[in-house]
Amino acid sequence: MWRDLEPIGRDGGSGGYRRFAWTREDATLREWFVAEAERRGLDVTTDRVGNQWVWWGDPDAALAAGRPGVVTGSHLDSVPDGGAFDGPLGVVSAFAALDTLRDKGFEPDRPIGIVNFVDEEGARFGVACAGSRVLTGAMTADRARSLTDADGVSMAEALGAAGRDPAELGPDAETVRRVGTFVELHVEQGRHLSTLDEDVPVAVGSDIWPHGRWRLRTLGEANHAGTTRLEDREDAMLGFAAAVIAARRAAETHGCVATVGKVAVTPGGVNAIPSEVTGWLDARGADEAAVRRVVADVTEVVEEFGGLVVEDSWTGSTPFDPGLARRLATRLGGIPVIGTGAGHDAGILANAGVPTAMLFVRNPTGISHSPEEFATSEDCLAGVDALATVLADLAGG
Ligand code: HGY
Ligand code: MN
Ligand code: MN
Ligand code: MN
């Protein structure tokens with residue numbers, strides 16, 4: 001059913017994947033997406049942002065007739081050293097679910113679409129779900145174009161290098177209007193399903209925790225690590241380290257989660273006292289006000305050291321359509337409905353007013369954003385069956 005995806009962007013050492021937006025790996029995956037569509041006699045359209053869309057049926061005629069389409073899909077990019085399933089499982093399962101329906105001779109009343117959202121992880125330019133945020137207007141094209149990667153390359157330059165016109169980047173309301181319902185299948189990022197007594201390979205999503213990213217920046221004075229007296233040092237790393245510890249303490253206090261997983265040090269020499277440390281706080285929690293308190297506590301520490309905190313992205317609480325979640329859970333035999341602390345394009349579409357649902361496929365390790373991320377073939381196939389059932393239910397016919 002699925003052609004073997006050669007391990008694009010796989011690191012021989014850790015076995016993790018590195019597939020950043022608008023890179024050679026991304027281009028290879030975008031070509032794969034087109035090949036998979038064409039193998040099925042379907043055309044790929046690309047919206048102003050670069051998200052790729054495939055339609056089985058005519059979305060515009062259906063929209064005009066008041067029957068907007070049902071879309072599924074996910075993303076193909078990854079975090080650094082990421083797992084094999086986060087993103088690709090949703091896209092591959094979308095094609096496989098389409099095959100299942102067509103093999104059964106299913107004729108949908110509504111068109112069924114498949115989407116590959118670009119730059120969901122924000123691993124290169126720092127803002128997660130960049131493709132769906134710009135598409136829905138949740139992030140301006142100007143801001144997106146100005147984002148830069150670790151080498152100082154802007155998204156505008158990366159788009160140009162990938163053969164796209166950065167001036168084209170912008171919201172695409174027409175494309176969003178075609179999406180009557182969006183259902184994203186995703187590997188579970190946690191251990192809820194694998195710790196249940198009963199054998200449940202698939203769950204329905206209820207909501208996404210409020211979460212955001214804040215850039216922390218502390219300043220100091222570069223100087224020699226050996227000859228500078230302690231009393232003469234202005235070591236930017238001290239304030240930054242205090243902020244990281246404060247983030248963990250605040251998360252424990254306020255019942256949230258927080259980490260700083262990415263740091264850049266200037267000048268970055270082992271034997272040079274840091275003059276600047278920039279890092280990104282990722283804070284999340286079931287309660288929006290609690291997350292804000294974590295950020296406030298960290299900001300207090302950073303500012304005590306004369307540093308700066310800038311909000312890079314914020315996604316408030318994102319309840320998926322509760323009626324839709326219940327309908328799908330029932331349709332799938334009364335499977336669990338569970339929340340997630342992971343952000344998804346589905347959350348961005350839900351916040352843009354699109355009726356949205358998610359399906360999670362059991363991950364026995366519970367680990368994600370790591371080569372340890374895993375799902376068994378049986379559970380992946382159970383996910384495809386569930387997705388096909390849900391698409392048939394939503395697309396009528
Ligand atoms: O960060 C997230 O939660 C998602 O994997 N982009
Ligand atoms: Mn992810
Ligand atoms: Mn993902
Ligand atoms: Mn020297």
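Just so we're clear, the structure is a prediction, and the values are computed from it rather than from any experiment.

The rules behind each value
Residues numbered from 1 in each chain as written. Chains lettered and ligands numbered in written order. Predicted model: local features only at pLDDT ≥ 70, side-chain atom pairs only at ≥ 80, totals over all residues. Heavy atoms only, no water. Donors = N, O, S within 2.8 Å, 3.2 Å for Na, K, Ca; no water. Buried < 20%, exposed > 50% of the residue type's maximum accessible area, 1.4 Å probe, protein only. Salt bridge = Lys/Arg side-chain N within 4 Å of Asp/Glu carboxyl O. Core = buried A, V, L, I, M, F, W, Y, C linked by side-chain atoms within 4.5 Å. Contact = heavy atoms within 4.5 Å. Helix = DSSP H or I, 4+ residues; strand = E, 2+ residues; numbered from the N terminus. Lys, Arg positive; Asp, Glu negative; His and termini not counted. Polar contact = N/O pair within 3.5 Å; in protein donor to acceptor, adjacent residues only side chain to side chain. Pairing = 2+ DSSP bridges. Axes fitted to C-alpha atoms, helices over the stretch in contact; angles between N-to-C directions.

Draft legend 1. Spatial organisation of the coordination of the manganese ion (ligand 2). On the protein side, the manganese ion (ligand 2) has Asp86 (OD), Glu121 (OE) and His369 (NE2) as donor atoms, found 2.0 to 2.2 Å from it. Counting residues between consecutive donors of the manganese ion (ligand 2) along the chain gives the motif D-x34-E-x247-H. Owing to a relative accessible area of 39%, His369 belongs among the partly exposed residues under this scheme.

Draft legend 2. Highlighting the pattern of salt bridges. By the definition in use, this model includes 21 salt bridges. When the shortest N-O distance is used, the salt bridge between Glu168 and Arg164 registers 3.4 Å. Looking at Glu168, the relative accessible area reads 33%, which means it is partly exposed. Within this structure, Glu36, Arg39, Arg40 and Asp99 form a network of salt bridges that share partners.

Draft legend 3. Looking closely at the nonpolar core. Counting residues in hydrophobic clusters, the biggest one holds 47 residues, and the most contacted among them are Phe33, Ile112, Val204 and Leu359. Beyond its immediate chain neighbours, meaning those up to four positions away, Phe33 contacts Val44, Gln52, Trp53, Val54, Leu76, Val91, Phe95, Ile114, Val115 and Asn116. Counting 36 residues, the second-largest nonpolar core is a separate cluster that includes Trp53, Val118, Ala203 and Phe320.

Draft legend 4. Focus on the side chain of Asp86. By secondary structure assignment, the location of Asp86 is in the loop between β3 (69-75) and α3 (88-103). Although Asp86 is buried, it makes no salt bridge; Arg19 carries the closest opposite charge, 7.0 Å away. Of note is the side chain of Asp86, whose polar atom sits 2.8 Å from the side chain of His186. With residues near it in sequence (within four places) discarded, Asp86 still touches Arg19, His75, Asp77, Glu121, His186, Val187, Gln189, Ser368, His369 and Glu373.

Draft legend 5. Here's a closer look at the sheet that holds strand β12 (residues 308-315). Taken in spatial order, the four strands make up an open sheet running β9-β11-β7-β12, and their pairing is antiparallel. The two strands at the open ends of the sheet, each matched to only one other strand, are β9 (257-266) and β12. Sheet twist, expressed as the average angle between the axes of neighbouring strands with direction ignored, equals 15 degrees. Bridge count for strand β7 (residues 211-219) against strand β11 (residues 276-284) is nine bridges, and the pairing is antiparallel. Bridge pairing links His211 to Arg284 in β11.

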